[in-house]
Amino acid sequence: MSREIEELQAALRRFAEERDWGQFHTPKNLAASLSIEAAEVLEHFQWLTDEQSRQLNDEQRQAVGHEIADVLLYLLQLSDRLGIDPLEAAREKLAINAAKYPADKARGSSRKYTEL
């Protein structure tokens, strides 16, 4: 695992320990919080057109950035609790997706791999 990820996970552990929040950080609760925070990212785009979503002003970008940070932090806490290396899991999943969606068949298509 990357040193930066390990350091961030350690900082998150300390943050929770200082507040006695570890008791609440079960995998179920962390997964629920992750989902809620992801929905909060989406909320910023809810009524925007595709074009508007590409042209956020600085204040909007900062607000979305804070929600993205919440998603990342909960994801790192969940992976830490479960003993999953998120970078290794991402590399593995990317390889699986590459096999499911070969570039020569999937290029320019949004169809699911079962429909290619």
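Residues numbered from 1 in each chain as written. Predicted model: local features only at pLDDT ≥ 70, side-chain atom pairs only at ≥ 80, totals over all residues. Heavy atoms only, no water.

Some thoughts on the overall build of the protein chain
Helices and strands together make up the secondary structure of the protein chain, namely six helices and zero strands. Counting from the amino terminus, helix and strand elements in the protein chain follow one another as α-α-α-α-α-α. Relative to the compact-globule value of 13 Å for 116 residues, the protein chain shows a C-alpha radius of gyration of 18 Å, a clear excess of over 25%. When its C-alpha atoms are laid out on the principal axes, the protein chain stretches across 50 × 35 × 25 Å. Put simply, the protein chain has 116 residues, and 18% of those count as buried. (Helix = DSSP H or I, 4+ residues; strand = E, 2+ residues; numbered from the N terminus. Rg over C-alpha atoms; globule rule 2.2 N^0.38 Å. Buried < 20%, exposed > 50% of the residue type's maximum accessible area, 1.4 Å probe, protein only.)

Some words on the pattern of salt bridges
Taken as a whole, this structure holds five salt bridges when the rule is applied. Arginine 91 serves as the salt-bridge partner of glutamate 88, at 3.9 Å between the closest nitrogen and oxygen. Within this pair, glutamate 88 and its partner arginine 91 are both found in helix 5 (residues 86–100), separated by three residues, close to a single helical turn. Among the residues examined, arginine 91 registers a relative accessible area of 52% and is labelled exposed. (Salt bridge = Lys/Arg side-chain N within 4 Å of Asp/Glu carboxyl O.)

Quick word on the layout of surface pockets
In this structure, the largest pocket occupies an estimated 180 Å³ of space. Together, Leu12, Phe15, Trp21, His25, Asp70, Leu73, Tyr74 and Gln77 line the largest pocket. Counting only elements with at least two residues in the lining of the largest pocket, the list comes to helix 1 (3–18) and helix 4 (58–82). For the lining of the largest pocket, the element with the highest residue contribution is helix 4, accounting for four residues. Per-class residue counts for the lining of the largest pocket are five nonpolar, two polar and one charged. (1 Å grid on protein atoms, 1.4 Å probe; cavity = no way out; pocket = protein on both sides within 12 Å on 5 of 7 lines; lining within 4 Å. Points joined across faces, edges and corners; volume = space filled by probe spheres on them. Nonpolar A, V, L, I, M, F, W, Y, C, P; charged D, E, K, R; others polar.)

Quick notes on a nonpolar patch on the surface
A grouping of Leu8, Leu72 and Leu75 is seen on the molecular surface, where their side chains present a nonpolar patch of about 220 Å² in accessible area. Following the sequence through the fold, leucine 8 ends up in helix 1. Judged by relative accessible area, which is 33%, leucine 8 ranks as partly exposed. (Patch = residues over 30% accessible without salt bridge, like charges linked within 9 Å, V, L, I, M, F, W, Y side chains within 5 Å. Areas by Shrake-Rupley, 256 points an atom, 1.4 Å probe, with all protein chains shown as cover.)

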